[in-house]
Every structure is written in C-alpha cells, then in structure tokens.
Amino acid sequence: MSELPIEQELGIAVNKVIGILATQNQEELGWIYSSSRHSVNYQGQPEQNARIQARIDNAVGGVSIVYIFALLETYISRDLWKYGDENMRQRMYAYLHIRNTVAHGFDGKRADRYVDKFNNVMSSGQPINGIKSFDDDVIILEPSVWTGLKDFIPKFLASILQRVINYGYTTD
C-alpha cells in the first residue's frame, strides 16, 4: 500500500480529478467521440461501413475508459477505493473490468479480473449504460460508455473524501 495522503491533499486530488472530468465533453474525449461518429463512408459498401464503424465505436468507448482510469490513477490511488461507498466501489470495479478488457485485449474478449463485479452490476437495477452487448466471452461497447464513468467518479470520490474526513483512514 502506498502512503495515504493527508485529508487536505486528498481533497486537492479529488478536486483536480473532478475539474478535469467536468471539461471532458468539450475537451479531448468529447472531440474524439464526436469526430468518430459516422466517420466511415466507403461509397457503395454499406456492410463494410457498418462493420468498421462498429469496431470504431467499440474502440472509442474502450480507449476513453482506459484514458479516464489513467487520469483517475494519476491523482487517486486504488488503495483509497476501500474507503468509498461499498455499492459505488462495486460499480468502480465493474468499470475496471471494462478497462482491463480493453487495455489487455481487443475485439472485446473479456479480462479475467473483476468478472463477478461486472456481472453483478449488469444484472442489477442500474446496469452500466453504454454496454452494447456482453456475454461470458465478450463485451462490446458503445462509444458513449465513458460518459457514465465520467459522471460517476465524482460521486465515488466524494464518498471516499467524506469517510476519510469523518472517520479517518480506518477499515472498520
């Protein structure tokens, strides 16, 4: 475990992540998303256009999830996740399963870690939006899957910060 930040440092890191995430609709991820929509246009080849566009959509969604996790982990160590709300933590691990799937493979072949967390969230009353399809072997993403993670992380980080401020770094 890395050294845990003091409350003020944690608050600054949380604010930094939230600030960067708040701009993403207009910044890099928003531009990637909007510029890749309906971008394939081979004349007279609708099947090939659809096939390639589907692969682009999956890649854009996946790369965006990887990017957001890189941003998050630059400021917030995963060691701090245990202080977050338990239900929110399960959802973060479900997103982490998506991240691992994308970062360590291609074409949606599912990663081995956090499969149960992903499956539990997807079978709950609040599944992750932006999952086009999934089964035991593959997850196919919509290009907008990152927007749910971008909106969820501030809530999760607030739950961590609140617990640390109120109770300190205890595991009780």
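Data block above holds the structure.
The structure contained in this document is the topic of the report that follows.

Reading the values: the criteria
Residues numbered from 1 in each chain as written. Predicted model: local features only at pLDDT ≥ 70, side-chain atom pairs only at ≥ 80, totals over all residues. Heavy atoms only, no water. Core = buried A, V, L, I, M, F, W, Y, C linked by side-chain atoms within 4.5 Å. Buried < 20%, exposed > 50% of the residue type's maximum accessible area, 1.4 Å probe, protein only. Helix = DSSP H or I, 4+ residues; strand = E, 2+ residues; numbered from the N terminus. Contact = heavy atoms within 4.5 Å. Phe/Tyr/Trp six-rings, centres within 6.5 Å; stacked < 30°, edge-to-face > 60°. Lys NZ or Arg CZ within 6 Å of the ring centre and 35° of its normal. Axes fitted to C-alpha atoms, helices over the stretch in contact; angles between N-to-C directions. Parallel < 35°, antiparallel > 145°, perpendicular 65-115°, else oblique. Left-handed = near helix turned anticlockwise from the far one by under 90°. Nonpolar A, V, L, I, M, F, W, Y, C, P; charged D, E, K, R; others polar.

We now examine the nonpolar core. Formed by 39 residues in total, the largest nonpolar core has its most connected members in Phe 69, Leu 72, Ile 76, Met 92, Ile 128, Ile 131 and Ile 153. For this core, the elements supplying multiple residues, two or more each, are helix H1 (7-22), helix H3 (46-75), helix H4 (86-103), helix H5 (115-122), strand S2 (139-141) and helix H6 (145-167). With residues up to four places along the chain from it excluded, the contact list for Ile 128 reads Arg 91, Ala 94, Tyr 95, Ile 98, Val 121, Met 122 and Val 145.

Below, the discussion takes up the packing of aromatic side chains. The tally for this structure, following the rule as stated, stands at seven aromatic pairs. Relative to Tyr 169, the ring of Tyr 83 has its centre 5.2 Å away and its plane inclined at 70 degrees; by these criteria the two rings are edge-to-face. Placement of the pair is Tyr 83 in the loop between H3 and H4 and Tyr 169 in the segment after H6, with a sequence separation of 86 residues. Since its relative accessible area comes to 3%, Tyr 83 is described here as buried. Since its relative accessible area comes to 27%, Tyr 169 is described here as partly exposed. Arranged with centres 4.8 Å apart and planes meeting at 45 degrees, the rings of Tyr 93 and Tyr 114 form a pair that is tilted. Pair noted here: Tyr 93 is in helix H4 and Tyr 114 is in the loop between H4 and H5, with a separation of 21 residues, a long-range link. The same class applies to Tyr 93 as to Tyr 114, namely buried. Through pairs of rings, three or more aromatic residues link up here, namely Phe 69, Trp 81, Tyr 93, Tyr 114, Phe 152 and Phe 156. Above the face of the Trp 81 ring, Arg 78 is positioned so that its terminal group lies 5.6 Å from the ring centre. The aromatic ring of Phe 152 is capped on one face by Arg 91, whose charged end is 5.9 Å from the ring centroid.

Two elements in contact, H1 and H3, have axes separated by 9 Å at closest approach and are oriented at 160 degrees. Of the possible angle classes, the one that applies to H1 and H3 is roughly antiparallel. Helix-helix and strand crossings are classified by hand; for H1 and H3 the assignment is right-handed. Where H1 abuts H3, its residues Ala 13, Lys 16, Val 17, Ile 20 and Leu 21 lie against Ile 68, Leu 71, Leu 72 and Tyr 75. Among the residues making up the contact of H1 with H3, the classes are represented as eight nonpolar, no polar and one charged.

It is worth spelling out the environment of Met 88 at this point. If you trace the backbone, Met 88 turns up in helix H4. Taking relative accessible area as the criterion, Met 88 reaches 21% and is therefore assigned partly exposed. Along the backbone, Met 88 and Gly 11 are 77 residues apart, and their C-alpha atoms lie at a distance of 19 Å. Excluding its chain neighbours within four sequence positions, the residues that come into contact with Met 88 are Phe 152, Lys 155, Phe 156 and Ser 159.

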